[in-house]
Protein chains: 2
Amino acid sequence: MSLDTPAVKPHDRLQAALADDLAAVGELIRARMASEHAPRIPEVTAHLVEAGGKRVRPMLTLAAARICGYDGPYHVHLAATVEFIHTATLLHDDVVDGSEQRRGRPAANLLWDNKSSVLVGDYLFARSFQLMTEAGRLDVLKVLSNASAVIAEGEVLQLTAAQNLATTEDVYLQVVRGKTAALFSAATEVGGMIADAPAEVVKALFTYGDALGVSFQIADDILDFSGDSAKTGKNVGDDFRERKLTLPLIKAIAAGGAQDRDFWVRTIEKGRQEEGDLDHVLSLLEKHDALQQAREDALVWSAKAKKALDTVPNGELTDMLHDLADYVVSRLN
Amino acid sequence: MSLDTPAVKPHDRLQAALADDLAAVGELIRARMASEHAPRIPEVTAHLVEAGGKRVRPMLTLAAARICGYDGPYHVHLAATVEFIHTATLLHDDVVDGSEQRRGRPAANLLWDNKSSVLVGDYLFARSFQLMTEAGRLDVLKVLSNASAVIAEGEVLQLTAAQNLATTEDVYLQVVRGKTAALFSAATEVGGMIADAPAEVVKALFTYGDALGVSFQIADDILDFSGDSAKTGKNVGDDFRERKLTLPLIKAIAAGGAQDRDFWVRTIEKGRQEEGDLDHVLSLLEKHDALQQAREDALVWSAKAKKALDTVPNGELTDMLHDLADYVVSRLN
């Protein structure tokens, strides 16, 4: 597999290689987000779906199925299922976070209301389960319903962990598994399952998706403090302002000990943030080498993802998945 | 089947006849609402589950399975699934309605917050799908995922129909099918399916649940205007105050024509309600015979439910389902 980062991003290469499948997924999504009786549903959904998003998760399902030699129609259903679950999660997340923007547009909860976001999210969840039953595979249904439970559990855990200075790296990992990695790993796993790949290949695909998801989320959380806001589309320090205990903060808080304790209690626990606090946070992250250490964690997860691909059949798509794991952390350079 | 209303309510007789099964359902619900990682989940769920509720829906599944001679273990899973879907729906409904009370206790959205209600509801939806996959029946999964979609669609439709004076009886029926009848009919249908009952029996069980659900909801909507608030636990006229267009209002608005139009525009469409308005609504309902006509509709649906039982095997439990259909509308006498 190629180790150098190619000029074209692996995400775009996957998109080109899977263009036909992705077009079928897009068509299925449009057909199934309709509702004969409640026109509000496609309005809200179209707002999100048409805003684009990178469709990373459905691409993972399609790629995994193709890598394992699948030539039936149901990888398209499963890819659409995964995107529906993701979209439902976004709708509910935006209600929970009181978001104002999503994918560069006003969030649905602002454009319509929280009620519509909650109920249309429920509709998409239900639709996703309808879609997956069409693939006719109970084993796949189990994986995707388990993933949905882990996602919701992770979101609740994130809610109760927020503002709690006792949050450990273990709890962070649990949250990340829920909010990001569970759907990545289910996406790759069911791609292998629908192709009837051998158990060790399915397991490796799961491991790849899980590790990719974790490294992706850690990288995202680092970029929140170090990223170029023109590129990330977010302001530096949003997570600090929202008092979310992400990996860099957890590392800095642990390293600072009693010395910085009062600062963290005031800014995170009590939420009494003042001007200049973010600069102080950045200096503490620097002092305790927290971003660099978090980056090393992200690299370990990325390496784990790539290693898992050793057990997966070789080929062009597998190379792209390999490069995707590199790309996720290359954003940190 | 007995036609006289017995002294003991049919609901209580079902509860006694299904006591062992219901205990197993309760145990399974407690086991599955747990979450190793997020203790907030069982807190919120226990608040609702332990508040009781009549467990009508799981009883419908258990009764249907037993009537059809089922002696396996999975009717318990399906009954718990149905109750989980119902509980998830209640959590999200209370967020959407901004409810202050549920089952005589403060609503979860007040006791914790809307965020917890949204996310714990999602968790219960996911858990319900996990539970139903355990029954190992794709046909059952299709029925329950379809029901979930119809429920969410009905809720969205109710949201957009609220305050809209153009709402017809057809739209009302669509909303009722979603918010109430879809889960009643799925509950009875999957009970028959898990017992491998003949197709015409499964269909009759569906029809029974559907018609029971519709008559139950119409009766509820009538009681909102005519009920004894000590018995119903709700204030007379809540639906009018929330500008919900239920069957009695739809009938009164249609019958009143241009004459009452200004009153309805002001109170329902614009929501500018004044003292004395509810009394005027009650007089309009009386003048146009709206409650009596709605009651007749409820009786038609109740009769349809009872008729469907002709195709279902006879027995003590079937008699109880018959009496339940009578009881639902007997509350209107």
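On a predicted model such as this, the values are computed, not experimentally measured, just so you know. (Residues numbered from 1 in each chain as written. Chains lettered and ligands numbered in written order. Predicted model: local features only at pLDDT ≥ 70, side-chain atom pairs only at ≥ 80, totals over all residues. Heavy atoms only, no water.)

1. Here we look at the relation of the copies chain B and chain A
Here's step 1: For the match of chain B to chain A, the screw axis carries a shift of 0.0 Å, the RMSD comes to 0.0 Å, and the turn is 180°. Here the transformation between the copies is reduced to the relation of a two-fold axis.
Here's step 2: Counting the interface residues of chain B, we find that 100% of their copies in chain A are interface residues as well, pointing to one common contact surface. (Least-squares fit on C-alpha atoms with pLDDT ≥ 70 in both. Contact = heavy atoms within 4.5 Å.)

2. What to know about the pattern of salt bridges
Here's step 1: By the definition in use, this model includes 32 salt bridges over all chains.
Here's step 2: Put simply, Arg331 of chain A and Asp220 of chain A hold a salt bridge, and the shortest N to O gap is 3.6 Å. Taken together, the residues Arg331 of chain A in the segment after α16 (316–330) and Asp220 of chain A in helix α10 (residues 199–226) connect sequence positions 111 residues apart.
Here's step 3: Between Asp323 of chain B and Arg13 of chain B there is a salt bridge; the shortest N-O distance is 3.1 Å. Here Arg13 of chain B lies in helix α1 (residues 10–17) and Asp323 of chain B lies in helix α16 (residues 316–330), a separation of 310 residues in the sequence.
Here's step 4: Accessibility expressed as a relative area gives 4% for Asp323 of chain B, which makes it buried. (Salt bridge = Lys/Arg side-chain N within 4 Å of Asp/Glu carboxyl O. Helix = DSSP H or I, 4+ residues; strand = E, 2+ residues; numbered from the N terminus. Buried < 20%, exposed > 50% of the residue type's maximum accessible area, 1.4 Å probe, protein only.)

3. Considerations on the nonpolar core
Here's step 1: Within the largest apolar cluster, 228 residues are counted, with the highest numbers of intra-cluster contacts made by Tyr208 and Trp264 of chain A together with Tyr208 and Trp264 of chain B.
Here's step 2: If we ignore the near neighbours within four places in the chain, the residues touching Tyr208 of chain A are Leu60, Thr188, Ala305, Ala308, Leu309, Leu321, His322, Leu324 and Ala325 of chain A. (Core = buried A, V, L, I, M, F, W, Y, C linked by side-chain atoms within 4.5 Å.)

4. Quick look at the packing of aromatic side chains
Here's step 1: Scanning the model with the defined rule gives five aromatic pairs over all chains in all.
Here's step 2: On the numbers, 3.4 Å between centres and 5° between planes, the contact of Phe129 of chain A with Phe129 of chain B is stacked. One end of the pair, Phe129 of chain A, is in helix α7 (residues 114–134); the other, Phe129 of chain B, is in helix α7 (residues 114–134), on a second chain.
Here's step 3: Take Phe129 of chain B: its relative accessible area is 3%, and that puts it in the buried class. (Phe/Tyr/Trp six-rings, centres within 6.5 Å; stacked < 30°, edge-to-face > 60°.)

5. Some points on the interface of chain B and chain A
Here's step 1: Taken together, the contact pairs 40 residues of chain B with 40 residues of chain A.
Here's step 2: Interface area lost by chain B to chain A is led by His37, Leu119 and Glu153 of chain B, which between them contribute 17%.
Here's step 3: Between the two partners, chain B and chain A, sit zero salt bridges.
Here's step 4: Where chain B meets chain A, there are four residue pairs in polar contact (both at pLDDT 80 or more).
Here's step 5: Put simply, the parts of the chain that give the side of chain B that touches chain A at least two residues each are α3 (40–50), α5 (74–97), α7 and α8 (138–161) of chain B.
Here's step 6: Per-element tally for the side of chain B that touches chain A: the top contributor is α8 of chain B, with 14 residues.
Here's step 7: Each residue belonging to the side of chain B that touches chain A can be placed in one class, and the counts come to 18 nonpolar, 12 polar and 10 charged. (Buried area = accessible area lost by both parts, 1.4 Å probe. Polar contact = N/O pair within 3.5 Å; in protein donor to acceptor, adjacent residues only side chain to side chain. Nonpolar A, V, L, I, M, F, W, Y, C, P; charged D, E, K, R; others polar.)

6. Some details on helix α4 (residues 56–67) of chain A
It helps to recall that an α-helix has 3.6 residues per turn; residues three or four apart then point in one direction.
Residues and elements named next belong to chain A.
Here's step 1: End to end, α4 covers 16 Å across 12 residues, agreeing with the expected 16 Å (1.5 Å per residue, within 8%).
Here's step 2: α4 sits mainly inside the fold: 11 of its 12 residues count as buried.
Here's step 3: Those residues of α4 lying buried are Val56, Arg57, Pro58, Met59, Leu60, Thr61, Leu62, Ala63, Ala64, Ala65 and Ile67.
Here's step 4: Once α4 finishes, Gly69 follows within two positions and takes phi at roughly 80°, a positive value. (Expected span 1.5 Å × (residues − 1).)

7. Regarding the confidence of the model for chain A
Here's step 1: On average, chain A scores 89 in pLDDT, and the residues at 70 or more come to 91%.
Here's step 2: A low-confidence stretch, residues 1–6 of chain A stays under pLDDT 50, and its non-local contacts, those more than four residues away or across chains, total 11 contacts. (pLDDT = per-residue confidence, 0-100.)

8. Considering empty space enclosed by the protein
All names here are of chain A.
Here's step 1: Evaluated as defined, the whole model comprises seven cavities of 30 Å³ or more.
Here's step 2: A volume near 140 Å³ is recorded for the largest cavity.
Here's step 3: As for the largest cavity, its lining consists of 14 residues, and the residues nearest its centre are Gln158, Tyr172, Val175, Leu245 and Thr246.
Here's step 4: Elements represented by at least two residues in the lining of the largest cavity include exactly α8 (138–161), α9 (169–194) and α10.
Here's step 5: The greatest single-element share of the lining of the largest cavity, amounting to five residues, is contributed by α9. (1 Å grid on protein atoms, 1.4 Å probe; cavity = no way out; pocket = protein on both sides within 12 Å on 5 of 7 lines; lining within 4 Å. Points joined across faces, edges and corners; volume = space filled by probe spheres on them.)

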